[in-house]
Every structure is written in C-alpha cells, then in structure tokens.
Amino acid sequence: MIHPHLPGDVTDRIVMVEGSGCRLRDAHGREYLDATGGLLLAHVGHGRRDLAEVAAGQMTKLEYYSSFHEFTNEPSIRLAEKLIDLAPSPMERVYFTSGGGEAVDAALRMARLYHHRRGEPERTWILARNFGYHGVSYGGAAATGMPMFHQGFGPMLPNVRHLTPPMPFHPEMYGGEDPTEFCLRELRETIEEIGADRIAVMIGEPILGVAGVIEPPSDYWPRVRELLASHGILLILDEVITAFGRTGHWFAAERLGVAPDFVVTAKGLTSGYFPMGALLVADRVVDVVARDEGFIGGYTYGGHATGCAVALANLEIMERENLLAAAVDVGDHLGAQLRRLEELPIVGQVRQIGLMIGIELAQDPDTGEPLSAGWVPPLVRERSGIIVRNNPNTVLVSPPLVMSHDEADQVAAAVTDVLTEYATRKRKRPAAPAVVLPVLDTPWDRPPSMPELLAAAMEWHFDPKTGSRFWLERAKSLDFDPRKDVRTEADLELFPNVVDELRDVRVEDLVPRGYGDRRIALDVYESGGTTGAPKRIAWLPDLHDQLNSWHSQVLDDRGVPHGANWLTIGPSGPHMFGPMGRTLAHRRGGIPFTVDLDPRWAKKCAAEGRSEESRRYLAHVLDQVGEILRSQDVGVVFTTPPLLEALAGHEELAELVNRKVRTLIWGGASMDLDTRTLFRKEVFPGAQLLGFYGSTMVGAGMYERAGLADDEPPTFDPPYPFVSLRVVDPDTGKTVPYGERGQVVMNHISRSMLIPNNLERDTAVRLPGAPGLGGDAVADIRPVPTFGGTAVVEGVY
Ligand SMILES: Cc1ncc(COP(=O)(O)O)c(C=O)c1O
C-alpha cells in the first residue's frame, strides 16, 4: 500500500484489528485509546453492532443502485430529507459523494456553473484561504492553502487566490491591524483587483481544523458573507470536520451565525462506518444548477443505499445518545485540563471548541524557532497508548464524541506528562513571546538581525529546491558559496552587481521555486528608466504585504491621517509608483485617485530638448490634477519634486492643496534644501511635507527621518536589514567615512527577492542609521550626471 504522508524508508506499521468505543487493539494485542477519532471522525465510537446490523439489513435488501438520471433508492431519499431538516436554512438539496474532497470539488464546479448559466461565464475565480485544508482532489487541493499539497503537483486549478484567515493568536501576521479588519480589507482589495464580476465563490472552513483548531472572531464570517453577497459571490463552508456534532452543533454555521450557499460535509456523516460525503446546496443555487439539462457529473457511489442507511442510523444514534451535548461536556472537561498547559514555556495557546482541540507549541527556547510538535504523538503513544495527531507545531486532539470523562482524564494526563517533562528538561523560559513565523516572513517593523536574515535568505535563494532559476544559474559562476560565505552585511560585497542582467531577464526565472507550482499573483515593475532600458523587478504577494504594512506603520508614526483619500501623480502601470499609492490608500481606508504619467515619453522630450512639448505635457497633467482637487476631498498627495514645483507655481492648485491636503509625499528624485524650506514655510504651510527616497530595485523606498530642521538635509533610513545601504567612493568601490558623499549601493534581501550590491544612480552623504535601527542612512540625495556612460535624465519624473 502507498500510505499517505509516510516516508518511504519507514517499514513499521501499526495494524489495527479491533475497536470498541474509544478503544482500539492492534495485531500484537496492544491496546490504544483513540483521541483523534482516526482522521477526526468515529463520532459514535468504534465497533458498533447496531450500525453493522443496519448495514447488513440494507445490503441483503438492496446493497446499491445508481443515483444517476431518474434512479434513486429509499435510504438516500430519507437521508437527504434528514440532512435538510438538520441543516441551517436555506439549504434545499443534497448531492452525495464518497468523501469530503469530492464534495469540495462538486461545490466548486456547481459555483462556476451557477454563474455560467446565469450569463456570467467570466465568474471563474475561486477565493480560498492560506492554511485552509479542503482535501486532495485537484479542486480541493487547489483550494487548500498549504504549499506541500501543491509542490510537484502543478499546474493546479487556475484562477484560485488564497487570502489570509484571521488567526488572533498571531497578531504579527496583521501588522498591528485588527485581524478581522485586515482580512476584510484584503478581501475587499482582492475583489477589486480581480473584479467582482470575475469571482465565482469563496471557500473556507468555518473553524480552521487541520491548521490547528482556529476559530475566527465572531464578526468575521458574517461580515465576509455580507461583503461577498453584495458582489454576487457565493460562499462554500467546508464543514467536513465541523458538521455533525464535533463543535456541539449539527453545523458550525449555526454557531457562527452565517448562512452559506453550500455546506460540504463528510466524516461525522457516517462516523466512518461508510466512506461518504454530502454537499448541501442552497435553494437559489439549486434553482440554477439543477435546471435545464440538470447537473452534469456524478460519482458512482453517490447516494449509495447502504452508505445512506448507515448514515441515517448514525445520525439517529447521535440524537438518541445526545452526543452533541456530550461533545461540549467532555470537550470542556478535557479542555480545562489541557488549558493548564499554557503555563508551560513551550506551550503557546490551547484552543478547544467542543471536541476539537489544538495545543499550539511556542518557540524552542534554544533555537528561537517554532517548536515542532512532531515528536509529541509518538511519545504519547509509546508511553500511554493514547493516539493524538499533530500539524507542524500544534498537537491535535479530536476523540470520538462518546469519550468518557475518565478516558478524557487519561488523555489529559498523558499529554500533560510528555509536554511537562520536555519543558522541565528545557527549563529556560523563552525570551520573547512565541514567534511562529520563519525569519523571512517576519513583519518589516519587527525585523530579525542581519545575520539571522542572511542565514535564512542565502539558504532559501541558493537551495536548488527553493531558489530561483536566475540565482541558481548565476550561482554557478560565483567564486564563493553564498550559503557558507555570506554571513554578515560586509559579505554581501562578494556578490557582483547583477542588475544589468535584469533588463532582459525572463520574469518567471526570478521567482524562487520554493513558492511552488501554483500560480502566484505576480507583479512586474520597471526600474531605472532614467538610465537606459528598464530593469524587470518581480514582486510577489508576500513582499507587497510586508512592505505595505511597513509603509503604513511609518506613515502612522508620522501622523499621516487614516481615512484620507490619496492622489498619486506619477507613473502607474509598469512603474510601482502608482500601484504603491493605490495599495497604501486602500490599506489606510482612503480612496486612491491617480493621474498617470508616461515617464518614458516625458524623459524623451527632456532628453531631446523638446521643451514646448514637455511644457504642454505638464499642463495636461496639471489639468487632470485640478479636476480631482476641485471636486474631491484629498488628504494625501504623492508625487515627484518637479511636479510639486509645478503645483507650487499654479496659484489655484497651490491654494487647493493648502486647503485640502494634510500630507505631501514627494519621492523618486531629489529636492534641495532651499526648495524644501520654501515649500514648507511659504508655498504649502498647511501640509506636512514628507520626503521619500524610492527605489523599485530594492522593492521599496524610505521616508525622510522625522524632526529634521530646515537646515538639515533630508535623511533617509531604510527598512533594515531587509534593505541596507552603503555609500561608496565610485572610483575605489570602498565605503566612504560618515559625513562624506559617495555613490549609493543598495541591498534587498527578502523571501521573494535578492538584489545585492545594486549601484544606484544617486550620490548621497553617508550617515549612521537612526538609533535602534542598525545599518547606515543616507542624506542629501543627488543624481549622478552620467551613469554607465548614459546621461541621467530627470524630467517631470
Ligand atoms: C475541512 C476538510 N475538508 C475536506 C477534507 C477532505 O475530505 P476527504 O479526505 O474525505 O476527501 C478534509 C479532511 O480532513 C477536511 O478536514
């Protein structure tokens, strides 16, 4: 047999031969207590004669007959009725499958079909969530938000986007924002980005199960539901784990107060006495997908007579034996004991909902890495014969609902013993609160040290399993091994400056393989158009997230208002200027307005001395700015110094800016001290002037340090260590002393991008970084007159 999730060199097997209630026995006669219900089922307990008799009775009468076309059978009719009785409204019909993954697939297909038949065939996108598990059918696996189910299996189903689920125990994932607000905002932005009229459906587990028993804040699902409904997007709740009593309800949807369009069920439906799933479908969807030629596609065993008879009897047992109440009673009893484990330094959080329990471990005090939970189940089983499971760092407990208090006590004692012993052996308390994110995924405002970042980044970018084709190829001609030799910031100088190679690189080759085969929303921004053909910079969604959260944090620190509309006057499209303004406006609750520029054209005019054309182009841009400023509230303007100068010279526009705008962010070029003072004091006294030294090449820019006097040149601190700066003597390449001018070199190190030693077209004065930040800062940026033999052109941009 091929056993899922079993390494090929493991030859041991545990051959289970008998079960009764929560007890199991293997072929060697060893007894076990089942605290996982196999794979989260066995609700009514193992080895029940009453269910076996129902199966035998049905098999001897009619074991099976097809449910295709007009054929059906009595048990399936009765079961469908029963399910609709138990289900939250507006469920109206049932589609039977052989398991959960098949039911997920069916739901996804029905969702697309629904829109197709209603004349919206473009609605094919599926929104799912990171960490979600939806089985291993291709549709289910594509919706599953765990990379290991995609790696090597691609290409996965196209048009699937994974969103962030709320995980309140990990506030670091939300950059200081409330998790629900973050998730709703992300959902809103995603709908806007893809287009509501292209999205069919969203799928999610009401309570994340395999990911570690994570219940969302109570307003999450109702608000998601409302937002989706307002855009005509359907909702699938995957209740394969949560349906039929595990949470103390027939369906978690009741507990969460949300009415979906589909409910996917399996597992507890038959308690495992027959392999079966059932997809419950709401009335309005049924009206569409079952009409005309009906719904195409069925499973041979869908509506299996014996399976349905067993499921009915199983649900009757659950009612008769009051197992929903038992799940709450025994769950609370067990949960109360396990919750005491939170006192141990190695335990992060214990979560319990009915008989779904997750014990998330904290970080390893020795390594600072998230503590793996993989060692817990074998040790607990070996010591006490109790079976528990784990995901990477959470111990999962999900026993049959018939577990007694006494058995629950045994489970609590066994898990407590093993974890306590481990914690005492380790003794030390972790120094910091639990960090479960790998170094490369930490938020940019809570950075790791440079050596930590380098160790993780070199491993990632140069491991053949995870590195990009570009870097793995490039590594062949390096005379050092980045994984061994690059440990400090100074070691980055070992790298050649590769940015010229980015002018014609295949963008796909820049994506690290470790992201897997699934399609990722990739952005390509141009960089360096002032110095020849632009370079191609690949942006992955995680970089967007990390950067936007960091930017927003800095803007908060500088008192830039939330809720203000933004006006970005700068190149959109291939340059990141426009998209960045748009995302930041969204993130901060404002509406983004954009006036576009074609920087290439503007530069060409400047380079060719066509000043009349430049002037007319500028007037054309200002006209558009005027239309927006006159008719809209705008709190933040994001533009370039030459355009700011043009605004300053336009009496009406300058007056509108002073009246409406609270913050003027200028970026992308340099501004001398006199101009800055003039703007601050005389032209725009009503607005905060905030400088931004941007570079697409390093995936970001940096804001002017706060509190600088008028006679101090703008000083910029990078988001160190992800972006670090050097100022070098252009002739020798050596770092200049503090206070001296030289040419700027930038490094970008993140999971999605590695750009070391990138020589910028600017000169600047080298200064120490702001206290506590580390690294160097730069001040008084000025463009170099020529770069690589080409004149540097600065125009409106
Ligand atoms: C939430 C969820 N959806 C779907 C599935 C897949 O179900 P099956 O393995 O029956 O295909 C599972 C299985 O664990 C699950 O937990």
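Read on for an overview of the structure.

About the cut-offs
Residues numbered from 1 in each chain as written. Predicted model: local features only at pLDDT ≥ 70, side-chain atom pairs only at ≥ 80, totals over all residues. Heavy atoms only, no water. Helix = DSSP H or I, 4+ residues; strand = E, 2+ residues; numbered from the N terminus. Rg over C-alpha atoms; globule rule 2.2 N^0.38 Å. Buried < 20%, exposed > 50% of the residue type's maximum accessible area, 1.4 Å probe, protein only. Contact = heavy atoms within 4.5 Å. Areas by Shrake-Rupley, 256 points an atom, 1.4 Å probe, with all protein chains shown as cover. Lys, Arg positive; Asp, Glu negative; His and termini not counted. Charge placed at Lys NZ, Arg CZ, Asp CG, Glu CD. 1 Å grid on protein atoms, 1.4 Å probe; cavity = no way out; pocket = protein on both sides within 12 Å on 5 of 7 lines; lining within 4 Å. Points joined across faces, edges and corners; volume = space filled by probe spheres on them. Pairing = 2+ DSSP bridges. Core = buried A, V, L, I, M, F, W, Y, C linked by side-chain atoms within 4.5 Å. Phe/Tyr/Trp six-rings, centres within 6.5 Å; stacked < 30°, edge-to-face > 60°. Patch = residues over 30% accessible without salt bridge, like charges linked within 9 Å, V, L, I, M, F, W, Y side chains within 5 Å. Salt bridge = Lys/Arg side-chain N within 4 Å of Asp/Glu carboxyl O. Expected span 1.5 Å × (residues − 1). Near = heavy atom within 4 Å. Polar contact = N/O pair within 3.5 Å; in protein donor to acceptor, adjacent residues only side chain to side chain. Nonpolar A, V, L, I, M, F, W, Y, C, P; charged D, E, K, R; others polar. Axes fitted to C-alpha atoms, helices over the stretch in contact; angles between N-to-C directions. Parallel < 35°, antiparallel > 145°, perpendicular 65-115°, else oblique. Left-handed = near helix turned anticlockwise from the far one by under 90°. Arc of directions from axis to C-beta.

Our focus in this paragraph is the overall build of the protein chain. Helix and strand content of the protein chain: 23 helices and 30 strands. Radius of gyration (C-alpha) of the protein chain: 30 Å, near the 28 Å computed for a compact globule of 797 residues. Burial statistics for the protein chain: of 797 residues in total, 56% are counted as buried. Relative to all contacts within the protein chain whose residues are 6 or more apart in sequence, the contacts with residues 24 or more apart total 70%. Accessible surface, the protein chain as shown: approximately 32800 Å² in total, 53% of it carbon and sulfur. Averaged over its 79 positive side-chain charges, the protein chain has a centre that lies 2 Å from the centre of its 108 negative ones.

The calculated volume of the second largest pocket comes to roughly 710 Å³. Around the second largest pocket sit 23 residues that line it, and Ser 67, His 69, Val 94, Tyr 95 and Phe 295 are the ones nearest its centre. The set of elements that each furnish at least two residues to the lining of the second largest pocket consists of α3 (74-86), β4 (91-97) and α9 (283-289). No other element matches the four residues that β4 contributes to the lining of the second largest pocket.

Looking now at the pairing of strand β2 (residues 23-26). Burial along β2 is one-sided: Leu 24 and Asp 26 are buried, while Arg 23 and Arg 25, pointing the other way, are not. Inspection of the sheet shows strand β1 (residues 16-20) paired to β2 by four bridges, in the antiparallel sense. Across the sheet, residue Met 16 finds its bridge partner in β2, namely Asp 26. With antiparallel pairing between neighbouring strands as the criterion, β1 and β2 make up a hairpin whose turn holds two residues, including Gly 21 at a positive phi of roughly 60 degrees. Where β2 lies against strand β3 (residues 31-34), three bridges are found, and the strand directions are antiparallel. Looking at β3, one finds that Arg 25 is bridged to Glu 31.

If you look at the biggest cluster of nonpolar residues, it comprises 100 residues, and the most contacted ones within it are Phe 495, Leu 567 and Tyr 703. Broken down by element, this core gets its largest block of residues, seven residues, from helix α14 (residues 450-462). Counting residues in hydrophobic clusters, the runner-up holds 67 residues, among them Leu 324, Ala 373, Ile 386 and Val 411.

Time to look at the packing of aromatic side chains. Counted by the stated rule, this structure contains 26 aromatic pairs. Each ring, one from Phe 462 and one from Phe 495, has its centre 6.0 Å from the other, and the planes form 25 degrees; the classification is stacked. Here Phe 495 lies in the loop between α16 (482-485) and β16 (523-527) and Phe 462 lies in helix α14, a separation of 33 residues in the sequence. With relative accessibility at 3%, the residue Phe 495 sits in the buried group.

Taken together, the side chains of Leu 62, Tyr 65 and Phe 71 define a hydrophobic patch exposed on the protein surface, amounting to about 270 Å² of accessible area. Take Phe 71: it is sitting in the loop between α2 (49-62) and α3.

For the rest of this paragraph, the subject is helix α11 (residues 323-339). Taking 1.5 Å of rise per residue, 17 residues should cover 24 Å, and α11 covers 23 Å from first to last C-alpha, within 8% of that figure. Within α11, the full set of buried residues consists of Leu 323, Leu 324, Ala 326, Ala 327, Val 330, Gly 331, Leu 334, Gly 335, Gln 337 and Leu 338.

Among the structural elements, Glu 645 can be located in helix α21 (residues 641-648). Along the sequence, Glu 645 and Ala 27 sit 618 residues apart, while their C-alpha atoms lie 84 Å from each other. In contact with Glu 645, other than residues within four places in its own chain, are Thr 675 and Phe 679.

In this section: the site of the ligand. Lining the immediate surroundings of the ligand are Gly 99, Gly 100, Gly 101, Tyr 133, His 134, Gly 135, Glu 205, Asp 238, Val 240, Ile 241 and Lys 267. Tyr 133 places a polar main-chain atom, nitrogen or oxygen, 3.4 Å from a nitrogen atom of the ligand. A distance of 2.6 Å is found between a nitrogen atom of the ligand and a side-chain nitrogen or oxygen belonging to Asp 238. Out of a free accessible area of 380 Å², the ligand has 79% covered by protein chains. For the shell around the ligand, the per-class residue count stands at three nonpolar, five polar and three charged.

It is worth spelling out the sheet that holds strand β26 (residues 741-749) at this point. The strands that make up a sheet are held in pairs by hydrogen bonds between backbone atoms, and each pair lies either parallel or antiparallel. As summarised here, the arrangement of the five strands in space is β24-β28-β27-β26-β25, forming an open sheet in which the pairing is antiparallel. Two strands in the sheet have a free side with no partner beyond their single neighbour: β24 (715-716) and β25 (723-728). Looking at chain direction, β25 and β26 are connected through six bridges and run antiparallel. By the bridge assignment for β26, Ser 724 is matched with Asn 747. Sheet strands touched by α14: β25, β26 and β27 (754-768). Its angle to β26, the strand with the most contacts, is close to 60 degrees.

Turning our attention to the packing of helix α17 (residues 541-557) against helix α18 (residues 577-587). One way to put it is that α17 packs onto α18 with a least axis distance of 10 Å and a crossing angle of 65 degrees. Classified by the angle between their axes, α17 and α18 sit roughly perpendicular to one another. Between α17 and α18 the crossing geometry is right-handed. Facing α17, whose interface residues are Asp 545, Asn 548, Ser 549, His 551, Ser 552 and Leu 555, α18 presents Met 580, Thr 583, Leu 584 and Arg 587. Residue composition of the contact of α17 with α18, grouped by class: three nonpolar, five polar and two charged.

Checked against the element boundaries, Thr 97 lands in strand β4. Looking at Thr 97, the relative accessible area reads 0%, which means it is buried. Only 2.8 Å separates the side chain of Thr 97 from the backbone oxygen of Gly 99, close enough to count as a polar contact. Dropping the residues within four chain positions of it, Thr 97 is found in contact with Glu 102, Ala 103, Met 276, Gly 277, Ala 278, Tyr 299 and Gly 302.

What follows covers the packing of helix α6 (residues 179-194) against helix α7 (residues 220-230). With their axes 10 Å apart at the nearest point, α6 and α7 run at an angle of 15 degrees to one another. The orientation of α6 with respect to α7, classified from their angle, is roughly parallel. In this structure, the crossing between α6 and α7 has a hand that is right-handed. Side by side, α6 and α7 meet where Thr 180, Glu 181, Cys 183, Leu 184, Leu 187, Arg 188 and Ile 191 of the first sit next to Tyr 220, Arg 223, Val 224, Leu 227 and Leu 228 of the second. Looking at side-chain class alone, the contact of α6 with α7 contains eight nonpolar, one polar and three charged residues.

Attention now goes to helix α23 (residues 673-683). Among all positions of α23, only Thr 675, Arg 676, Phe 679 and Val 683 are buried. The buried residues of α23 occupy an angular sector of 110 degrees when projected down its axis, which confines them to one face. For α23, the exposed residues lying more than 90 degrees away from the buried face are Asp 674, Lys 681 and Glu 682. Looking at the buried residues of α23, the elements they touch are α21, α22 (651-660) and β22 (688-695).

Turning next to empty space enclosed by the protein. Evaluated as defined, the whole model comprises six cavities of 30 Å³ or more. Along the walls of the second largest cavity sit 15 residues, with Trp 471, Leu 510, Met 753, Leu 754 and Ile 755 positioned nearest its centre. Counting residues per element, the ones that place at least two in the lining of the second largest cavity are α15 (469-475), β17 (535-539) and β27. The biggest single contributor to the lining of the second largest cavity is β17, with three residues. Broken down by class, the residue content of the lining of the second largest cavity amounts to 11 nonpolar, three polar and one charged.

With respect to the helices and strands, Asp 34 occurs in strand β3. In this structure Asp 34 is buried but unpaired, with Arg 246 as the nearest side chain of opposite charge at 8.1 Å. Engagement of the side chain of Asp 34 in a polar contact is seen with the backbone nitrogen of Gly 38, the distance being 3.2 Å. In this structure the side chain of Asp 34 is engaged in a polar contact, spanning 2.7 Å, whose partner is the side chain of His 46.

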